[in-house]
Amino acid sequence: MLSRRQWTYVTAISYLILEILIRNVKGLNVCTSGSATSCEECLLIHPSCAWCAQEEFGSPRTLTSRCDLQQNLQKRGCEAPFIESPRSNSSVLENVPLSSKGSGPTQYDVIQIAPQKVSLSLRPGDQAWFEVQVRQVEDYPVDLYYLMDLSLSMKDDLDTIRNLGTKLAEEMKKLTSNFRLGFGSFVDKNMSPFSYTAPKYQNNPCNGYKLFPNCVPSFGFRHLLSLTDKVDRFNKEVQKQMVSRNRDAPEGGFDAILQAAVCKERIGWRKEAFHLLVFATDDVPHLALDGKLGGLVEPHDGQCHLNEKSEYSASTRMDYPSLALLGEKLAENNIYLIFAVTKKLYVIYKNFTALIPGTTVEILDQDSKNIIQLIINAYNNIRSKVELTVWDHPEDISLSFTATCQDGRPLAGLRKCADLKIGDTVSFNVSVGAGLPRPDERQSFTIRPVGFKDRLEVQVAYRCDCGCTQLTQPNSTRCSGAGTHSCGTCGCEPGYLGTRCECQEGEAGSVQLGACREAEGKQVCGGRGECRCNQCLCYESEFGKIYGTFCECDDFSCARHKGVLCSGHGECHCGECKCHAGYVGDNCNCSTETAACVSGDGQMCSGRGVCVCGGCQCTEPGAFGDTCEKCPTCPDACGTKRECVECRLFGSGKHDNQTCQRLCKDEIVTVETLKSDDPGAVLCLYKTESDCVMKFTYSEHASGQSVLTALKEPECAWRLQTLLSVLLAVVGSILAIGIALLAVWKLVITVHDRREFARFQSARSRARYEMASNPLYKQPISTHAVETVFSMNTKSYNGAVH
C-alpha cells in the first residue's frame with residue numbers, strides 16, 4: 001500500500017507524463033488512443049474527453065470507442081443527453097461585503113477580503129477560476145510593539161526614545177483613532193562566548209570599561225510593557241531602562257522577535273488590529289546554528305518561553321531560530337516586521353526581507369532621532385501594498401494568479417499590488433488546476449493577504465464519477481443475462497464474449513477463428529480487429545476508417561503527395577486512390593489539363609518543351625519559365641526580342657500596338673551608351689531599314705523578369721562620317737592657327753635681333769677711336785711660365801701671374 005507522500009509523487013509524475021504526451025503528439029486524439037473501457041477511465045484521460053452512454057452507438061462491424069472528443073461523439077450520432085463530460089466549476093459559500101472603515105462599533109467584524117469561503121469541483125487535469133477582492137480599510141486599529149537592542153552601543157539611542165511614546169502616539173493619531181504601544185528589549189544569550197560570564201562580570205559586564213563603567217547583566221529577551229493605549233506608561237518604562245554589554249558583535253535579536261510574535265497573549269496582540277513589530281538595532285543578528293558555538297544543539301521549537309518575570313527562559317537552552325521559522329511565525333500571527341537599522345546594515349537586512357514575507361527595512365540614524373518618521377514611513381509603505389499568500393497548499397493542486405490593481409490592467413503571474421491608497425480595492429483572479437485524484441479525494445487550502453487576519457478558505461472536490469453509473473444493471477437482458485450493463489456497455493461475466501455477451505468463450509476455437517482469417521497463416525482480422533462470434537469487429541483509428549470482411553481495407557493508407565492523401569484530388573478506397581475527373585497517377589497528382597502550358601503566342605510551351613501533368617517541362621537548353629517562354633541563349637532569342645524593341649520603342653515592325661502590348665511585357669531600359677559587362681546578358685544587334693545598326697542586350701533577373709537594355713537611337717554610318725569631317729576641320733583649323741602664330745613670332749624675333757646687332761656695331765666703332773687717341777693707353781703684354789714637376793707621389797701645376 002502506497003503512503004500518502006508516495007501516492008502524491010506517483011500522481012504528479014503520471015500527470016506530468018500525460019501532459020507531455022498530449023502536447024507533443026500533434027494530431028493524435030488522446031481520448032481514443034487511451035483505450036478506455038469505462039466512463040470513469042475516460043474522464044481520467046484528459047479534461048477534453050467525453051463518454052457516450054447511448055445504447056445504440058457506432059457501427060455494428062466496428063469496435064467503436066465511446067471515449068472521444070464531445071464534438072466527435074455528436075458527429076457519430078451520440079445524442080447530447082447521453083454524453084458524460086462533467087466540467088469543473090466554482091461556487092461561493094460565504095461572501096460578506098468588504099468593510100469601508102475599521103473603527104467604531106463594527107470594528108470587530110471588519111472584512112478586508114471577499115469572498116470568505118469558496119468550493120471548487122475539479123475534474124482531473126482541468127481548471128476552475130474565481131475572483132478575490134482585497135481592501136485596506138480606513139481607520140483600522142494598530143498595535144505597535146517596539147523591540148529595542150539594549151547593548152552598550154545603543155546607549156545614545158535609549159536616551160533619544162525616552163519620550164518616544166507621546167510623540168509617536170500624536171503622529172499615529174493622524175492615521176488611526178485606535179493605537180496601542182508596547183515595549184521590549186534584548187541583548188544576547190547570557191553565556192560564553194556570546195556574553196561575559198566571568199564572576200567579576202556577572203553583576204556588571206561593564207566592569208573595567210572606562211567609557212561606561214556601569215551596566216546591567218546581559219539577557220536574551222525581556223518583555224517590559226504589554227500593548228496599551230496609555231502611552232505615558234511607555235515613556236516611564238523606557239526611562240527605567242539601562243544598557244548592557246555582550247562580548248561578540250552580533251546580537252540575539254531573532255530570539256526576541258520570535259518571542260514577541262508567538263507570545264501573543266503576554267504581548268497583547270489584538271486579533272482585529274494591524275500588527276507592527278519595530279526591531280531597532282545597530283548590528284547583525286545571530287542566526288540558527290550559531291548556538292552550537294556555546295554548545296546549544298537543540299533547534300528552536302517556535303514556542304513561547306516567557307517566565308513569570310516576562311523574560312525569555314530558554315535563551316541558554318535552545319539555538320537561535322532560523323529565518324524560515326521566523327517567517328512562518330510572523331505570518332501565522334499576522335505581524336509586519338520593520339527592521340530599523342543603521343545605514344551600514346541596510347543591505348544585510350534588505351536581504352532578510354526577501355526571505356521573510358511581510359518585512360520591510362528602514363535606515364535608522366545613529367542616535368535614533370528619526371525613529372518616529374521611520375515608523376510612519378514604514379507604516380505607509382506597508383499599507384500601500386497588498387500581497388496574497390497560500391497556506392496548506394496541496395502538492396497536486398496548481399495555482400496561478402492574475403492581479404488587477406488600480407490601473408485596471410490584468411497582470412498575469414502576479415499576486416501583489418503596490419502604490420495603493422488606504423481604502424483602495426484590488427482584485428485577483430485565481431486559477432486552480434487539479435492533477436490526478438488523491439485517495440482522500442478532498443483537499444483544502446487558505447489564501448491570506450500578508451499581515452491580515454482575514455482569510456479565504458478554498459475547498460476542493462474531484463469530479464471523477466459519471467451520472468450514468470447510477471443506472472448500472474447486473475445480469476442485464478441487454479447483456480444476454482451474462483453481464484452488467486453500465487453507461488451503454490456490457491461487462492461480461494467470465495466465459496462470455498461479445499459486445500452483448502452473446503458468445504461463450506469455448507465457441508471461439510480454431511475453427512471459428514479461421515473464419516476471421518483472410519488466408520491460412522495470416523493474422524486474425526489482419527491484426528486490426530477482434531474476432532467475435534465468427535466475424536471481425538474492426539478497431540477504430542484516429543487516422544480514419546478500417547473496414548472489410550477481414551479488416552483489410554481502410555481510407556488512410558493510400559499514396560500521398562506533399563503529405564496530402566491522394567493529393568486532395570481523389571478518394572482512398574481500400575489502399576488505392578480513385579482519382580477525380582481531370583487527374584491521373586498513383587496519388588492523383590497529375591492533371592490532364594493543358595491550358596496552363598499554352599504560351600502568350602499560342603504555342604504549346606513556346607515550342608521549347610512538352611506539357612506534362614498540367615505544366616511545361618522545357619526541353620530546349622537554356623529555356624525556362626512557366627511556359628518555357630524565357631531563353632536568353634536560344635538561337636532565336638535576339639530575333640524574338642527585336643520585334644519587341646521595334647514595336648515598343650519605334651512603333652515599327654510587324655506587330656500593331658495592341659499585339660505588341662500583349663506579347664511584349666518585358667521591361668525595356670534605354671541608355672545613351674550600351675554596356676556589356678553583365679556576364680548573364682546576351683548582346684543583340686540588327687541592321688535597320690536606314691542602314692543603321694541597332695544594339696540591345698537581353699537578360700533575365702533573379703525574379704524571372706526579362707530586361708531589355710537598348711540604345712535610344714540606332715548607330716548610323718552617315719552620322720559617323722559627319723562626325724569625322726567635323727573632327728578633321730577642327731584639327732586643321734587648330735594647325736593653321738598654330739603655323740600663323742609661329743610665323744609672326746619668327747618675324748618679331750628677326751626684327752629685334754637686327755636692331756640689337758646695329759647697336760653693337762655702333763658701340764664697337766666708338767671704342768676703337770677712344771683707344772687710338774688716348775695718350776695714356778698702353779698695349780698690354782702677357783707672359784706665361786709653366787713648370788712641371790713630376791714626382792712619384794704628387795702632381796702640381798703653377799701659373800705665372802702678370
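Residues numbered from 1 in each chain as written. Predicted model: local features only at pLDDT ≥ 70, side-chain atom pairs only at ≥ 80, totals over all residues. Heavy atoms only, no water.

If you look the protein chain up in an unreviewed UniProt entry, it shows as Integrin beta from Anguilla anguilla. What UniProt records for the protein chain under Sequence similarities (unreviewed entry) is the sentence "Belongs to the integrin beta chain family." (UniProt positions renumbered as here; feature names shortened; annotations may be inferred.)

Caption draft 1: Representation of the sheet that holds strand β6 (residues 113-114) in the model. With antiparallel pairing, the five strands of this open sheet are ordered in space as β6-β8-β19-β16-β17. Every interior strand has two partners, whereas the edge strands, β6 and β17 (410-412), have only one. With nine bridges joining them, strand β8 (residues 127-135) and strand β19 (residues 425-434) adopt antiparallel strand pairing. When the sheet's bridge partners are listed, Val134 is paired in β19 with Val426. (Pairing = 2+ DSSP bridges. Helix = DSSP H or I, 4+ residues; strand = E, 2+ residues; numbered from the N terminus.)

Caption draft 2: Region of interest: the state of the cysteines. Considering all chains together, one arrives at 20 disulfides under this definition. Paired by a disulfide, Cys525 and Cys536 hold their sulfur atoms 2.1 Å apart. Between Cys525 and Cys536, the disulfide has an S-S torsion of -100° and is therefore left-handed. Highlighted residues: Cys525 in the loop between α13 (510-514) and β26 (529-532) and Cys536 in strand β27 (residues 535-539), separated in sequence by 11 residues. Judged by relative accessible area, Cys536 falls into the buried class, the value being 2%. Two residues, Cys553 and Cys574, share a disulfide whose sulfurs are 1.8 Å apart. Note on the Cys553 and Cys574 pair: the S-S dihedral is about -60°, so by sign convention the disulfide is left-handed. Of the two residues, Cys553 sits in strand β29 (residues 553-554) while Cys574 sits in the loop between β32 (570-573) and β33 (576-579), which places them 21 residues apart along the sequence. Relative accessible area serves as the criterion here: at 8%, Cys553 is assigned to the buried category. The closest cysteine sulfur to the non-disulfide-bonded Cys464 is located on Cys466, 9.4 Å from its own sulfur. (Disulfide = S-S within 2.5 Å. Buried < 20%, exposed > 50% of the residue type's maximum accessible area, 1.4 Å probe, protein only.)

Caption draft 3: Up close: unusual backbone geometry. The amide bond that connects Ala114 to the next residue, Pro115, takes the cis arrangement and shows omega of -5°. One can find Pro115 in the loop between β6 and β7 (117-122). Following Ser192, the chain continues to Pro193 via a peptide bond in cis, the omega torsion being 5°. Of note, the phi angle at Ser310 is positive, near 60°, even though the residue is not glycine. Judged by its relative accessible area of 14%, Ser310 is buried. A positive phi angle is found at Cys605, which is not glycine, with a value near 55°. Its place among the elements puts Cys605 in the loop between β35 (590-591) and β36 (609-612).

Caption draft 4: Geometry of the pattern of salt bridges. Counting across every chain of the model gives 16 salt bridges. Glu55 serves as the salt-bridge partner of Arg478, at 3.2 Å between the closest nitrogen and oxygen. In this pair, Arg478 is assigned in the loop between β21 (456-462) and β22 (483-486) and Glu55 in the loop between β1 (49-52) and β2 (62-63), connecting sequence segments 423 residues apart. Asp68 serves as the salt-bridge partner of Arg76, at 2.7 Å between the closest nitrogen and oxygen. One network of salt bridges, with partners in common, ties together Asp143, Arg180 and Arg270. (Salt bridge = Lys/Arg side-chain N within 4 Å of Asp/Glu carboxyl O.)

Caption draft 5: Structural context of the side chain of Gln241. Among the secondary structure elements, Gln241 is positioned in the loop between α7 (231-240) and α8 (253-262). Apart from the residues within four sequence positions on either side, Gln241 is in contact with Leu150, Leu158, Arg162, Phe183 and Leu224. (Contact = heavy atoms within 4.5 Å.)

Caption draft 6: Structural view of the pairing of strand β37 (residues 615-618). Note that β36 and β37 share four bridges and pair antiparallel. Within β37, the position partnered with Gly609 by the bridge is Cys618. Hairpin connection between β36 and β37: a loop of two residues separates the two successive antiparallel strands, and Cys613 in this loop has a positive phi of roughly 50°.

Caption draft 7: The arrangement of α8 in detail. Of all 10 residues that make up α8, 10 are buried, and the element is covered over most of its length. Those residues of α8 not exposed but buried are Gly253, Phe254, Asp255, Ala256, Ile257, Leu258, Gln259, Ala260, Ala261 and Val262.

Caption draft 8: Structural context of the packing of helix α6 (residues 164-172) against helix α12 (residues 371-383). Running from N to C, α6 and α12 cross one another at 35°; their axes reach a closest spacing of 10 Å. As α6 runs across α12, the sense of the crossing is right-handed. In contact with Leu164, Lys167, Leu168, Glu171 and Met172 of α6, α12 contributes Ile371, Ile372, Ile375, Ile376 and Tyr379. By residue class, the composition of the contact of α6 with α12 is eight nonpolar, no polar and two charged. (Axes fitted to C-alpha atoms, helices over the stretch in contact; angles between N-to-C directions. Left-handed = near helix turned anticlockwise from the far one by under 90°. Nonpolar A, V, L, I, M, F, W, Y, C, P; charged D, E, K, R; others polar.)

Caption draft 9: Just the sheet that holds strand β20 (residues 442-449), in detail. Spatial ordering of the open sheet is given by β5-β7-β21-β20-β15-β18, a layout of six strands whose pairing is mixed. With partners counted over all chains shown, the strands left at the sheet margins are β5 (89-94) and β18 (416-417), one partner each. Sheet analysis places strand β15 (residues 386-391) next to β20, joined by four bridges and oriented antiparallel. Across the sheet, Thr389 pairs through a bridge with Arg448, a residue of β20.

Caption draft 10: Expanded view of the packing of aromatic side chains. Applying the stated criterion across every chain yields a total of 15 aromatic pairs. Measuring from centroid to centroid gives 5.1 Å for Phe186 and Phe279, while their planes differ by 5°, and the two rings are stacked. In this pair, Phe186 is assigned in strand β10 (residues 179-186) and Phe279 in strand β12 (residues 274-281), connecting sequence segments 93 residues apart. Both residues of the pair, Phe186 and Phe279, count as buried. Arranged with centres 6.4 Å apart and planes meeting at 55°, the rings of Phe339 and Phe352 form a pair that is tilted. Of the two residues, Phe339 sits in strand β13 (residues 335-341) while Phe352 sits in helix α11 (residues 346-355), which places them 13 residues apart along the sequence. Take Phe339 and Phe352: they sit in the same class, and that class is buried. Over the ring of Phe219 we find Arg222, and its NZ or CZ is 3.9 Å from the ring centre. Sitting above the plane of the Trp391 ring, Arg448 keeps its charged end 4.8 Å from the centroid. (Phe/Tyr/Trp six-rings, centres within 6.5 Å; stacked < 30°, edge-to-face > 60°. Lys NZ or Arg CZ within 6 Å of the ring centre and 35° of its normal.)

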